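Summary of the model geometry
Chain residues, written in single-letter form:
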Amino acid sequence: MKQEEQVNMTISSVMKKKGQKVVHVRFERKQDGKLHFAEGIVPDCTFEKVYGFSEEEMAQLKFYLKENMHTIFEEAQKINEKEFWLHR
């Protein structure tokens, strides 16, 4: 895999949405000079915005979220919410 095709993931701190604790997850990569991204939410494992990822890739990302939800929440609890939004 070329470096520009490498997928990076960033997560938010734990937030509340409709009374439920959630974490926003963003996957992105550069491919052919364009930024591709997929913005999802756990624990729902749904995606709100997607650009440049195929349906097969989205299925893999959804599977990744489901399989790593516990770890994602653990890491998100370590993030200071103010710092996340200031550095985004």
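Keep in mind the model is a prediction, meaning the values are calculated, not measured.

**Digging into the overall build of the chain**
Helices and strands together make up the secondary structure of the chain, namely three helices and five strands. Tracing the chain from N to C terminus, the helices and strands come up as β-β-β-β-β-α-α-α. Taking all 88 residues of the chain together, 28% fall into the buried category. The contacts of the chain with a sequence gap of at least 6 include a subset with a gap of at least 24, amounting to 36%.

**Details of the pattern of salt bridges**
Under the criterion given, the structure shown has five salt bridges. Glu48 is paired through a salt bridge with Lys17; the nearest N and O atoms lie 3.2 Å apart. With Glu48 in strand E5 (residues 46–51) and Lys17 in strand E2 (residues 15–17), the pair connects residues that are 31 residues apart, well separated along the chain. For Glu75, the salt bridge goes to Lys78, with nearest N and O atoms at 3.0 Å. Here Glu75 falls in the partly exposed class, since its relative accessible area comes to 37%. Several salt bridges share partner residues, and in doing so they unite Arg26, Glu28 and Glu39 into one network.

**Some details on the environment of Val42**
Mapped onto the elements, Val42 comes out in strand E4 (residues 34–42). The buried category is assigned to Val42, whose relative accessible area is 0%.

**Re the pairing of strand E3 (residues 20–31)**
Relative to E3, strand E1 (residues 8–11) runs antiparallel, the two being bridged by four bridges. Bridge pairing in E3 places Thr10 opposite Arg26. Across three bridges, the pairing between E2 and E3 is antiparallel. When the bridges of E3 are listed, Lys16 appears paired with Lys21. Here E2 folds back onto E3 in antiparallel fashion, the turn holding two residues, of which Lys18 has a positive phi close to 55°. Examined bridge by bridge, E3 and E4 share nine bridges and lie antiparallel to one another. Each bridged residue has a counterpart across the sheet, and for Val25 the counterpart in E4 is Gly40.

Scoring rules and cut-offs
Counting of residues starts from 1 at the beginning of each chain's written sequence and follows it residue by residue. Local features in this predicted model are restricted to residues of pLDDT 70 or higher, and side-chain atom pairs are both shown and tallied only at a pLDDT of 80 or more, whereas totals for entire chains, interfaces and linings draw on every residue. Where side-chain values are given, they derive from all heavy atoms of the structure, hydrogens and water being excluded. Only DSSP runs of H or I covering at least 4 residues are called helices, and only runs of E covering at least 2 are called strands; the numbering of each starts at the N terminus. Residue burial is assigned from relative accessible area. The probe radius is 1.4 Å, only protein chains are included, and a residue is buried under 20% of its type maximum, exposed over 50%, and partly exposed in between. The contact criterion used throughout is that any non-hydrogen atoms of two residues lie within 4.5 Å. Note on definitions: salt bridges are taken to be side-chain nitrogens of Lys or Arg within 4 Å of carboxyl oxygens of Asp or Glu. The pairing criterion for strands is at least two bridges between them, as found by DSSP.

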